[in-house]
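# What the coordinates show
What follows is the residue order along each chain.
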Amino acid sequence: AQRVTQPEKLLSVFKGAPVELKCNYSYSGSPELFWYVQYSRQRLQLLLRHISRESIKGFTADLNKGETSFHLKKPFAQEEDSAMYYCALARDDKIIFGKGTRLHILP
Amino acid sequence: KAGVTQTPRYLIKTRGQQVTLSCSPISGHRSVSWYQQTPGQGLQFLFEYFSETQRNKGNFPGRFSGRQFSNSRSEMNVSTLELGDSALYLCASSPSTGGSYEQYFGPGTRLTVT
């Protein structure tokens, strides 16, 4: 069955340090992958999608089909990055979310 | 374009009651999905409607049901409420055409069951 795994429920990183939020998926085809973010008291929103290959708020994510991963990275964490992050996979008219990782940026 | 709206924003119910939540998608979006969000379980998919038909369904009991109207607005109903149903219920709409699955979320309805 298709699955999205985010192994860390909570990730604490010091301000200025690099950030990597892990996402692994199980799907044999060519998935469409997303990262969604939910800041405190804001609605869940799309951060980036793999097909656009863009950098949003300094975050990038590369699809690694060999490792079936779509890790989210940022070279220097900022306090405003503290939020809940969800990885999602879409295929065949269905979207599957991971359980989410809470990113806490320490001052 | 106006974003996804959900009503009501907050709701307090007692065990055994039933509740109906409403969602208005972005104009032109034909797909509406419902999610339950809790601190312990994260985001859990309830069901998705597309052109008034339930297209996908998550692993929730039959007490959770939904429907979609011809204008794409959707309602979700929970019958015989249990304490564990307390959660933030999110609605998301999507164009869901041409392979676009990007979800646009509403602010959610916070349901508290006492």
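The coordinates are above.
So, here is what we can say about the structure in this document. (Residues numbered from 1 in each chain as written. Chains lettered and ligands numbered in written order. Predicted model: local features only at pLDDT ≥ 70, side-chain atom pairs only at ≥ 80, totals over all residues. Heavy atoms only, no water.)

### What about the side chain of B:S31?
Within the fold, B:S31 resides in strand β4 (residues 31-38). At a separation of 2.6 Å, a polar atom in the side chain of B:S31 contacts the side chain of B:E48. (Helix = DSSP H or I, 4+ residues; strand = E, 2+ residues; numbered from the N terminus. Polar contact = N/O pair within 3.5 Å; in protein donor to acceptor, adjacent residues only side chain to side chain.)

### A few points about empty space enclosed by the protein
Under the criterion given, the structure shown has one cavity of 30 Å³ or more. Within this model, the largest cavity holds a volume of roughly 80 Å³. Of all the secondary-structure elements, those providing two or more residues to the lining of the largest cavity are β10 (94-97) of chain A together with β4, β5 (42-50) and β6 (53-57) of chain B. Residues that form the lining of the largest cavity fall into these classes: three nonpolar, six polar and four charged. (1 Å grid on protein atoms, 1.4 Å probe; cavity = no way out; pocket = protein on both sides within 12 Å on 5 of 7 lines; lining within 4 Å. Points joined across faces, edges and corners; volume = space filled by probe spheres on them. Nonpolar A, V, L, I, M, F, W, Y, C, P; charged D, E, K, R; others polar.)

### Digging into the state of the cysteines
Evaluated as defined, the whole model comprises two disulfides over all chains. Here A:C23 engages in a disulfide with A:C87; their sulfurs sit 2.0 Å apart. Because the sign of the S-S torsion sets the handedness, a value of about -65° for the bond joining A:C23 and A:C87 places this disulfide among the left-handed ones. Linking A:C23 in the loop between β3 (19-21) and β4 (24-26) with A:C87 in strand β9 (residues 83-91), this pair joins segments that are 64 residues apart in sequence. Each disulfide pairs two cysteine sulfurs, and for B:C23 the partner residue is B:C91, the sulfurs being separated by 1.7 Å. Where B:C23 bonds to B:C91 through sulfur, the torsion about that S-S bond is close to -55°, and the disulfide is left-handed. One end of the pair, B:C23, is in strand β3 (residues 19-24); the other, B:C91, is in strand β9 (residues 87-94), with 68 residues separating them in the sequence. (Disulfide = S-S within 2.5 Å.)

### Here we look at the sheet that holds strand β7 (residues 60-61) of chain A
Residues and elements named next belong to chain A. The antiparallel open sheet is built from three strands, whose spatial order is β3-β8-β7. Across the chains shown, the open sheet's two edge strands, defined by having one partner strand only, are β3 and β7. As defined by bridge partners, β3 adjoins strand β8 (residues 72-74) across three bridges and the pair is classed as antiparallel. Following the sheet pairing, V19 is matched in β8 by K74. (Pairing = 2+ DSSP bridges.)

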